[in-house]
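The chain contents come next:
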Amino acid sequence: MTTTSRYDIAIVGGGLMGAALALLFCKTLPGRRIVLIEQKSLESASDDALAQPNFDARSTALAPTSAVSLQRLGVWPALAAHATAIRRVQVSDRGHLGWVRLDTDSNGGEPLGYVVENRAFARALIDALLACEGLELKTPDQVQRLIPGRDGVRLQLTTQELSAELVVIADGADSPLRHQLGIAEFNKDYRQSAVIANVRHQQGHAETAFERFTHHGPLAFLPLGGVQGRTSAVVWTWPEDQAAEAMAISDAEFLARLQTEFGYRLGQLQQVGERQSYALRLCLAREQVRSGIVLMGNAAHFLHPVAGQGYNLALRDGLRLAEVLQRAAGNLGELDLLQEYERLQVTDQRNTVRLSDGFNELFRAHEPHWILLRSLGMIGVEWSTTVRDTFIRQLAGRGTRRANPWGVIRSD
Ligand SMILES: Cc1cc2nc3c(=O)[nH]c(=O)nc-3n(C[C@H](O)[C@H](O)[C@H](O)COP(=O)(O)OP(=O)(O)OC[C@H]3O[C@@H](n4cnc5c(N)ncnc54)[C@H](O)[C@@H]3O)c2cc1C
């Protein structure tokens, strides 16, 4: 092993977050030496062969602000053909009073969000990475150890050693490097699993997303396949001790149970694709920055997916970090600089964590007073413009006062 190159920024992890960060830094910090290290190969030719395990059958609901960011990063043109706009949202509580209907009128005529399949999203990001001049890719290679020092951080990879002024750790929710650095976590185990699958239905979804609260837990249908689409990405939360059953039952049984919980809003549910299950917890790193180090994406905060906020928040974090780094005159790993990023982003993070956690807690509860509270909450969102606007602003990624989070990326 030989000590070789020194970089300004080293990003560890080429998941949806690390890949987007690499593009973002290339665009916003020209002239800086940037390297992305990913342990899985990113260069496989076909979508099915993408090696990263999270480039799976899931879909991601992107807030409008995220779509603008991806547009400015040059990823959206390749992604647009695979993105379905959300023009209507219906929220309902099975067997109880109250529902919420939101549409583009509540969002200045603009879509409330977009749904993209993770495989297409990953493909678009990776293609952009491979075409990105000034970015070095070390893949497949694994960072075994980080050794912080006085003038930067040494990275011991399987095949070589590097050093960087700033190491961005985006190595996922279990973050082996967070553990290696002894960074403590706040963990709240929801004792739930998200079972995901794509489901084909008799009627078109007309770009409507449904969020329904069932006795198992929240159930989301996210529209896929464009305006005429008859497929939705389903995210169904189950108690953890029953999730194995949801995975094991036959397709016919799964569809029958889903139909009972969801009803006939989309007609007969006809076909279900590959099912996958994810254990759910809230995991927050107790330190997100140290001298020369910043945690990003799932490594910094892993949220319940009920409100579709995890990636959207992570992208906003990335924009904020890029904005702070742009102002740096010297070393990008200066602690003051990284603490400034943390200070600027803390409110957005806190609000988004509360929204995701609160949504799940409110809608999983069976006690009468909680049922009453959520019925009143839904009536409030349905009938009060102020409550509805606040709710939409947060979901759309505009919850904090700063109106233009993507302004950091120069528009070409
Ligand atoms: C069921 C579900 C639904 C979701 N839906 C939404 C949604 O609708 N909207 C939304 O905004 N968010 C959603 N999310 C959240 C979203 O999926 C994540 O925010 C997103 O995947 C970002 O992940 P990441 O890149 O931080 O981590 P990961 O995807 O885990 O990537 C980490 C990467 O680091 C690599 N790696 C790890 N260790 C090393 C090492 N030592 N050296 C080199 N490489 C390494 C791994 O191979 C991997 O590629 C959902 C999450 C779940 C579970």
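Numbering of residues starts from 1 in each chain and follows the order in which that chain's sequence is written. Note on the predicted model: pLDDT of at least 70 is required for a residue's local features to be given, and 80 or more for side-chain atom pairs to be given and counted; whole-chain, interface and lining totals, by contrast, use all residues. Here the side-chain values reflect all heavy atoms present in the structure, with hydrogen atoms and water set aside.

### Examining the overall build of the protein chain
Inference 1: Scanning the protein chain from N- to C-terminus turns up 11 helices and 20 strands.
Inference 2: Each residue is placed in one exposure class: buried if its accessible area under a 1.4 Å probe, protein chains only, is under 20% of its type's maximum, exposed if it is over 50%, and partly exposed if it falls in between. Looking at the protein chain as a whole, 56% of its 412 residues are labelled buried.
Inference 3: Once local pairs closer than 6 in sequence are excluded, the contacts in the protein chain between residues at least 24 apart make up 74%. Secondary structure follows DSSP: runs of H or I at least 4 residues long count as helices, runs of E at least 2 residues long count as strands, and numbering of each begins at the N terminus. Contacts were defined at the residue level, with two residues in contact if any of their heavy atoms lie within 4.5 Å.

### Digging into empty space enclosed by the protein
A probe matching the size of a water molecule, rolled over the atoms, marks out where space remains unfilled.
Inference 1: We place a 1 Å grid over just the protein atoms. Points where a 1.4 Å probe fits but has no way out form a cavity, open points with protein on both sides within 12 Å along at least 5 of 7 lines form a pocket, and any residue with an atom within 4 Å of a point lines it. Grid points are joined across faces, edges and corners, and a volume is the space filled by probe spheres set on the points. As enumerated under the stated definition, the model contains 2 cavities of 30 Å³ or more in all.
Inference 2: As for the second largest cavity, its lining consists of E211, P218, A220, V235, T237, H304, P305 and V306.
Inference 3: Of all the elements in the fold, those that place two or more residues in the lining of the second largest cavity are β14 (218–224) and β15 (231–239).
Inference 4: All amino acids are sorted into three groups, where Ala, Val, Leu, Ile, Met, Phe, Trp, Tyr, Cys and Pro are nonpolar, Asp, Glu, Lys and Arg are charged, and the leftover types, Gly among them, are polar. Across the lining of the second largest cavity, the residue classes break down as 5 nonpolar, 2 polar and 1 charged.

### Considering the sheet that holds strand β3 (residues 59–62)
Inference 1: If you trace the 3 strands from one edge of the open sheet to the other, you get β3-β7-β4, paired in antiparallel fashion. Sheet topology places β3 and β4 (83–86) at the edges, where each strand pairs with a single neighbour. Pairs of neighbouring strands in the sheet enclose a mean axial angle of 25°, with direction left out of account.
Inference 2: When β3 meets strand β7 (residues 113–117), the two strands line up antiparallel, connected through 4 bridges. Residue pairing in the sheet places L62 in a bridge with Y114 of β7. Two strands are counted as paired when DSSP detects at least two bridges linking them. Note on geometry: axes are lines fitted to C-alpha atoms, helical ones only across the stretch in contact, with angles between N-to-C directions running from 0 to 180 degrees.

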